[in-house]
Amino acid sequence: MAQMNMLQAINSALDISMSEHPLACIFGEDVGYFGGVFRATSGLQEKYGKHRVFNTPLTEQGILGFANGLAAAGAPAIAEIQFADYIFPAFDQIVNESAKFRYRSGNEFNVGKLTIRTPYGGGIAGGLYHSQSPEAYFAHTPGLKLVVPRNAYQAKGLLRACIKDDNPVIFFEPKRLYRASVGDVPEDDFIIPIGKAEVVSEGSDITLLAWGAQMEIIEKAAEMAKQDGISCEVIDLRSIQPWDVETVAKSVTKTGRLIISHEAPITCGFGAEIAATIQQECFLHLESPISRVCGLDTPYPLALEKEYIPDALKVLSAIKHSVHF
Amino acid sequence: MTNPQNVSLNASKELEFIDPSALDIPTVSLLDENGHLVKGAVEPNIDKETALRIYKTMRFIRALDERMQAAQRQGRVSFYMQCLGEEGAVTASAAALKDDDMIMAQYREQAALRYRGFSLEQFMNQMFSNEKDLGKGRQMPIHYGSKELHYMTISSPLGTQIPQATGYAYSQKIPHIDEDSGELSSEINNITICYFGEGAASEGDFHAGLNMAAVLKAPVIFFARNNGYAISTPADEQFAGDGIASRGVGYGIKTIRVDGADALAVYAATQKARQFSVETGEPVLIESIAYRLGAHSTSDDPTGYRSKEEENTNTKCPILRFKGYLLSKGWLDEAEDNADDETLREEILEAVKVAEKIAKPPIEELVTDVYDTPIPLLEKQLEELKAHVKAHPDAYPTTSGRIK
């Protein structure tokens, strides 16, 4: 196994995908010769040619419209939106077109071969237009799959699964971890299935649930809680749609308590969906109200980022409150 | 000469604006109002069989449109859109393509689908959203689609097909391994045609799609149907400047404007556009100038915003003009042609009666095709719904009896 950071792991997954299918294309803003502003596509144009790895004009709606057409023709289309904050011009092409292609045509046509990669999230002093986590907007749209990796290993295995999946998938990459997350990643191909949460560490008093970059935070909070004698079960949701109700419900049935944490604003964030479902599934097992530690209902700030972020200390407070309810 | 700014390096001392009208784009017309070849016009390469297929398609669509417009007024279908006035532009452009070139239409191009062989029964099944509809009864009437006929299923949001057509066309030029020789081939076998109205050209997707096609070089024919109105909004409230063709020029796309009521001119222009795209892998824009003789849809009433004089049908009717051409060539027998009309009307009425009696899709179709296979959440929701419907059979008569 090799040591890779998350960008290298993503690059490796893309490389394998390009060699696997002769019509696969990678495209987006600056992804060609330059290799993307974060360098996730480095070296791929040299290897696969300008026809298959190329820059597009600066048009997110164009990138996704183009991607829908390419995928409808049966070519694996791997589109990069440079920052998730800039995905909104492509919103119509994603929620009205990608998501509904198969359904509206009665499966005469589909864009299952579409994968959208986009860096999301804060903690990088990026201010309000380089820090957003827009997953909830897409979670409300039937027909899309949404996946978020927490480290380099997960990024490679999950991205491979997204590209091979026969549905349009948005792969949200936690950009704060692009270079910070380094670990053992196989150089060969491997796949982590979509739709399955992972119990990262077992515990008995409370379940902590997050995804992507927020996993680091809840793992740290679990460590801090341990000092106080509280045993936390830590779960990485990994895939937001479809999401693994069974694994989460099983854990909450055992621990009787649940905290969900995400960076996006709390109101109508995906945490709300989880809380509602789990209270239905586990009502008689709950020892305290399900709580959420999330972003404020404000745009993502710059100078007061540290205060805004749902950090480990905030999660720890919520843990204590829940356990002593 | 190339340069970082990608502009012409033509130096000048003159402080002069370029007048948009200076482009002065002509409109190609080959047939006069009676269908006779305009003096000096070069007749395209068209055989009798193709010409008659174009003509019969136009006649069919005219009859279908009339009947279905009436059926909507009777409350038998919920919605309809006619092709009236644009049959020539749509049919002749489709006829100039190979039958396996991809068509990505807006919504008013049923004539192209018919030209490819979509049956009367298939039209009806879609409009009555019954269980035989290829689209499984999920979209409003006129949202046709057929993989077999290379006709992408219509999507209601306007203009979204434009960048998609660029992407689809791009796939048609990616160098591929030739199945016979095993060698890498850059030969382009098929192209994509993308239809849209002049109103859709105001959408961001129009800019995105044309710009990407021009820069990335995709073999797509953008076919702009400038028919004068976007619902009730006349073209001069939709855009300034010289039509849609002038935009093509701005994007660096080879462009031609044709008289859309002249099927022969449209055929010739599309033939030439296809040849150019196949040879170069690049896009072409065709602007068709044909008047929308009917309403935008059955939800619209054009008498509120345009005059009877404006709707002077005879001079704007593509079918009469093309008929004149066929008669002058000796390819059509007038008496037989008139007899066909009555048979057509009867066939369509009969098909309406059959289609409206066919059952709606089964309840399971609510959750299929959202994903390639229903995710657990959807399976659960379906089971709950089925139990509910079963418990209240009278409230859900079309599905309750079919639940196992």
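Residues numbered from 1 in each chain as written. Chains lettered and ligands numbered in written order. Predicted model: local features only at pLDDT ≥ 70, side-chain atom pairs only at ≥ 80, totals over all residues. Heavy atoms only, no water.

(A) Expanded view of the packing of aromatic side chains. All names here are of chain B. Within the structure shown, the criterion is met by 29 aromatic pairs over all chains. Ring geometry for F118 versus F123: centroids 5.0 Å apart, planes at 90°, classification edge-to-face. Note on F118: relative accessible area 2%, which makes it buried. For the pair F123 and Y144, a centre-to-centre distance of 4.9 Å together with 85° between the ring planes defines the contact as edge-to-face. With F123 in helix 4 (residues 120-127) and Y144 in the loop between helix 4 and helix 5 (161-171), this pair connects stretches of sequence that are 21 residues apart. By the burial criterion, F123 is buried, and Y144 matches it. Taking NZ or CZ as reference, R53 lies 3.9 Å from the ring centre of Y115, over its face. Directly above the aromatic system of Y229 lies the positively charged group of R306, at a separation of 5.2 Å from the ring centroid. (Phe/Tyr/Trp six-rings, centres within 6.5 Å; stacked < 30°, edge-to-face > 60°. Buried < 20%, exposed > 50% of the residue type's maximum accessible area, 1.4 Å probe, protein only. Helix = DSSP H or I, 4+ residues; strand = E, 2+ residues; numbered from the N terminus. Lys NZ or Arg CZ within 6 Å of the ring centre and 35° of its normal.)

(B) Spotlight on the packing of helix 3 (residues 60-72) of chain A against helix 6 (residues 204-216) of chain B. At a minimum axis separation of 9 Å, helix 3 of chain A and helix 6 of chain B run at an interaxial angle of 70°. In terms of axis orientation, helix 3 of chain A runs roughly perpendicular to helix 6 of chain B. Together, A:Q61, A:G62, A:I63 and A:F66 of helix 3 of chain A and B:G204, B:D205, B:A208, B:M212 and B:L216 of helix 6 of chain B make up the contact between the two elements. Residue classes in the contact of helix 3 of chain A with helix 6 of chain B are distributed as five nonpolar, three polar and one charged. (Axes fitted to C-alpha atoms, helices over the stretch in contact; angles between N-to-C directions. Parallel < 35°, antiparallel > 145°, perpendicular 65-115°, else oblique. Contact = heavy atoms within 4.5 Å. Nonpolar A, V, L, I, M, F, W, Y, C, P; charged D, E, K, R; others polar.)

(C) Spotlight on the pattern of salt bridges. Residue and element names in this part refer to chain B. All chains considered together, the criterion is met by 42 salt bridges over all chains. Salt-bridge contacts for R53 lead to D99; the nearest nitrogen and oxygen are separated by 3.3 Å. Of this pair, R53 sits in helix 1 (residues 48-73) while D99 sits in the loop between helix 2 (87-95) and strand 1 (102-104), and the two are 46 residues apart along the sequence. With a relative accessible area of 32%, R53 lands in the partly exposed category. R138 serves as the salt-bridge partner of E365, at 3.5 Å between the closest nitrogen and oxygen. (Salt bridge = Lys/Arg side-chain N within 4 Å of Asp/Glu carboxyl O.)

(D) A look at the interface of chain B and chain A. If you look at the interface, chain B gives 44 residues, while chain A gives 44 residues. For the pair chain B and chain A, the summed buried surface comes to about 3600 Å²; carbon and sulfur atoms form 64% of the total. At the boundary of chain B with chain A, the tally comes to one salt bridge. The salt bridge involving B:K380 is made with A:E281; its shortest N-O contact spans 3.2 Å. Summed over the shared surface of chain B and chain A, the result is 20 residue pairs in polar contact (both at pLDDT 80 or more). Mapped onto the side of chain B that touches chain A, the elements with two or more residues apiece are helix 5, helix 6 and helix 12 (376-391) of chain B. (Buried area = accessible area lost by both parts, 1.4 Å probe. Polar contact = N/O pair within 3.5 Å; in protein donor to acceptor, adjacent residues only side chain to side chain.)

(E) Fine view of the sheet that holds strand 12 (residues 239-241) of chain A. Residues and elements named next belong to chain A. Strand order across the open sheet formed by seven strands is 3-2-4-5-7-6-12, with mixed pairing between neighbours. At either end of the open sheet lies a strand with only one pairing partner, and these are strand 3 (53-55) and strand 12. Strand-to-strand, the axes of this sheet are offset by a mean angle of 20°, without reference to chain direction. Of the strand pairs in this sheet, strand 4 (residues 77-80) and strand 5 (residues 114-120) are connected by four bridges, and their pairing is parallel. If you follow I78 over to strand 5, its bridge partner there is T115. (Pairing = 2+ DSSP bridges.)

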